[in-house]
Amino acid sequence: MPTLFIDAGNTFVKMAEYYPPETGIGAVDPDNAARGGSNWNLVGRFRWEQQELEVFFSGEIGRYTRIVLVSVRNNSRLATLLRDGNLQKNAAVTVLDHSVLSKHNCSYKTPKTLGMDRFFACAGALNLSRQYGRHSGGVLVTDAGTACTIDFMNESGVFAGGVIMPGLRMMSDTINSGAENLFETRLHLPDAAIPDTTEKAIQTGTYGSFIHAWNAHVEKILNHYPQTLIWVTGGDAGFIRDHSSFKVTHNPYLVFEGMRIYLGK
Ligand SMILES: Nc1ncnc2c1ncn2[C@@H]1O[C@H](COP(=O)(O)OP(=O)(O)O)[C@@H](O)[C@H]1O
Ligand SMILES: CC(C)(COP(=O)(O)O)[C@@H](O)C(=O)NCCC(=O)O
Ligand SMILES: [K+]
């Protein structure tokens, strides 16, 4: 039975299994395999309040003898799910928290408040860059989730820090909730310089502002580290990939990949 990897974000709890090449289990995600990514199988992606999350913990989870998790939230809900869940008696549960960090892998000045998803996404991207891209420099990693992070890890695997900006949904929610006559819009970026409807004006100001800010932050980091590969992951990675001014590689499994590499699995 493979290890179950859990990445608990602010909006979604994601769960995945990894099949090492030697198992002979073919590409579970052909898109990812085509990108040279390793063999991940997403077994669940549930919001915290979704019934399916509890269903998973009271059923499916009983198949695993080894569970590894990273969470950016106060773990009490997760602790309850694990305590009341259908876990095997001998199941080993590993929580990858701040105790993983040291001066050898993190130069962030406030490591105790670092979101561990940021660290593992970078570690995963660095590993894939070395493995498939034969790249020997650092990596710039964006996790476009509830918040959007733009982080840098150097070629030696030291997490340096980065930008935390509002996520795409957060940007849209803000404009929607702050003014009576503004509203939620479909995720689409019109290309007119002068938007001529309310909807296009809002879309340009939210999704356009998001991508302009993202491109500007990335450019600034690249000015310091020109030999850097850019990776994107998270719920809104596709939007960034489609609108980035730079060449990026999209991989949905970076956090999982980083957890796996850290554990040497
Ligand atoms: N059905 C959806 N519900 C909520 N957010 C969604 C949905 N589909 C895409 N998103 C976008 O994905 C983001 C969450 O992505 P994810 O990477 O899973 O975040 P997190 O790791 O913070 O839980 C949201 O902020 C939103 O912009
Ligand atoms: C920045 C984050 C909110 C991103 O989490 P996400 O949006 O992916 O759920 C999370 O990594 C976090 O809570 N970080 C703490 C602050 C820090 O990293 O310095
Ligand atoms: K995340």
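Computed from a predicted model, the values in this text were never measured in an experiment. (Residues numbered from 1 in each chain as written. Chains lettered and ligands numbered in written order. Predicted model: local features only at pLDDT ≥ 70, side-chain atom pairs only at ≥ 80, totals over all residues. Heavy atoms only, no water.)

Caption draft 1: Quick look at the domain arrangement of the chain. Partitioning the chain into domains gives domain 1 (1-95) and domain 2 (97-265). Relative placement of domain 1 and domain 2: their C-alpha centres are 22 Å apart. When domain 1 packs against domain 2, close to 1,900 Å² is buried across both sides, 65% of that on carbon and sulfur atoms. There are 0 salt bridges connecting domain 1 and domain 2. Counting across the interface, domain 1 meets domain 2 through 4 residue pairs in polar contact (both at pLDDT 80 or more). (Domains from an automatic or database assignment. Buried area = accessible area lost by both parts, 1.4 Å probe. Salt bridge = Lys/Arg side-chain N within 4 Å of Asp/Glu carboxyl O. Polar contact = N/O pair within 3.5 Å; in protein donor to acceptor, adjacent residues only side chain to side chain.)

Caption draft 2: Spotlight on the site of ligand 2. Close contacts around ligand 2 come from 14 residues, with Tyr108, Gly115, Asp117, Arg118 and Ala147 the closest. The separation between an oxygen atom of ligand 2 and a polar side-chain atom of Tyr108 is 2.6 Å. Gly115 places a polar main-chain atom, nitrogen or oxygen, 2.8 Å from an oxygen atom of ligand 2. Class assignment for the residues of the shell around ligand 2 results in 5 nonpolar, 7 polar and 2 charged. Three or more residues apiece are contributed to the shell around ligand 2 by two domains, here domain 1 (1-95) and domain 2 (97-265). (Near = heavy atom within 4 Å. Nonpolar A, V, L, I, M, F, W, Y, C, P; charged D, E, K, R; others polar.)

Caption draft 3: Representation of the sheet that holds strand 6 (residues 139-144). The mixed open sheet is built from 5 strands, whose spatial order is 8-7-6-9-10. The open sheet is flanked by strand 8 (159-166) and strand 10 (249-250), the only strands paired with a single partner. Relative to strand 10, strand 9 (residues 229-233) is paired through 2 bridges, and the arrangement is parallel. Residue Trp231 lies in a different strand from strand 10, and its bridge partner there is Thr249. Its contacts with the sheet place helix 4 (residues 116-131) against strand 6, strand 7 (147-153), strand 8 and strand 9, and it is angled at close to 130 degrees to strand 6. (Pairing = 2+ DSSP bridges. Helix = DSSP H or I, 4+ residues; strand = E, 2+ residues; numbered from the N terminus. Contact = heavy atoms within 4.5 Å. Axes fitted to C-alpha atoms, helices over the stretch in contact; angles between N-to-C directions.)

Caption draft 4: Region of the structure containing the coordination of the potassium ion (ligand 3). Listed as protein donors to the potassium ion (ligand 3) are Asp117 (OD) and Asp143 (OD); their distances from the metal cover 2.9 Å. Residue Asp117 is found in helix 4, and its partner Asp143 is found in strand 6; the two are separated by 26 residues along the sequence. Judged by its relative accessible area of 15%, Asp117 is buried. (Donors = N, O, S within 2.8 Å, 3.2 Å for Na, K, Ca; no water. Buried < 20%, exposed > 50% of the residue type's maximum accessible area, 1.4 Å probe, protein only.)

Caption draft 5: How the structure looks around the pairing of strand 2 (residues 12-18). A large share of strand 2 lies buried, amounting to 6 of its 7 residues. Where strand 1 (residues 4-8) meets strand 2, 5 bridges bridge the pair, whose relative direction is antiparallel. Across the sheet, the residue bridging to Ile6 is Met15, located in strand 2. Remark: 3 residues form the turn of the hairpin made by strand 1 and strand 2, two consecutive strands paired antiparallel. In terms of strand pairing, strand 2 meets strand 3 (residues 40-47) through 7 bridges, oriented antiparallel. Bridge pairing in strand 3 places Phe12 opposite Arg47.

Caption draft 6: Representation of the sheet that holds strand 1 within the structure. Ordered by their spatial adjacency, 5 strands build an open sheet running 3-2-1-4-5, and the pairing between neighbours is mixed. Every interior strand has two partners, whereas the edge strands, strand 3 and strand 5 (92-95), have only one. Direction aside, the axes of adjacent strands within the sheet are offset by 20 degrees on average. Examined bridge by bridge, strand 4 (residues 66-71) and strand 5 share 4 bridges and lie parallel to one another. Bridge pairing in strand 5 links Ile67 to Val93. Together, strand 1, strand 2, strand 3 and strand 4 form the strand contacts of helix 8 (residues 254-263), whose direction differs from that of strand 1 by roughly 130 degrees.

Caption draft 7: Inspection of the site of ligand 1 at higher detail. In the neighbourhood of ligand 1, 14 residues make up the surrounding shell, with Phe12, Lys14, Arg47, Thr146 and Asp236 lying closest. In isolation ligand 1 exposes 570 Å². Once the protein is present, 81% of that is buried. Here the shell around ligand 1 is built from residues that sort into 2 nonpolar, 7 polar and 5 charged. (Areas by Shrake-Rupley, 256 points an atom, 1.4 Å probe, with all protein chains shown as cover.)

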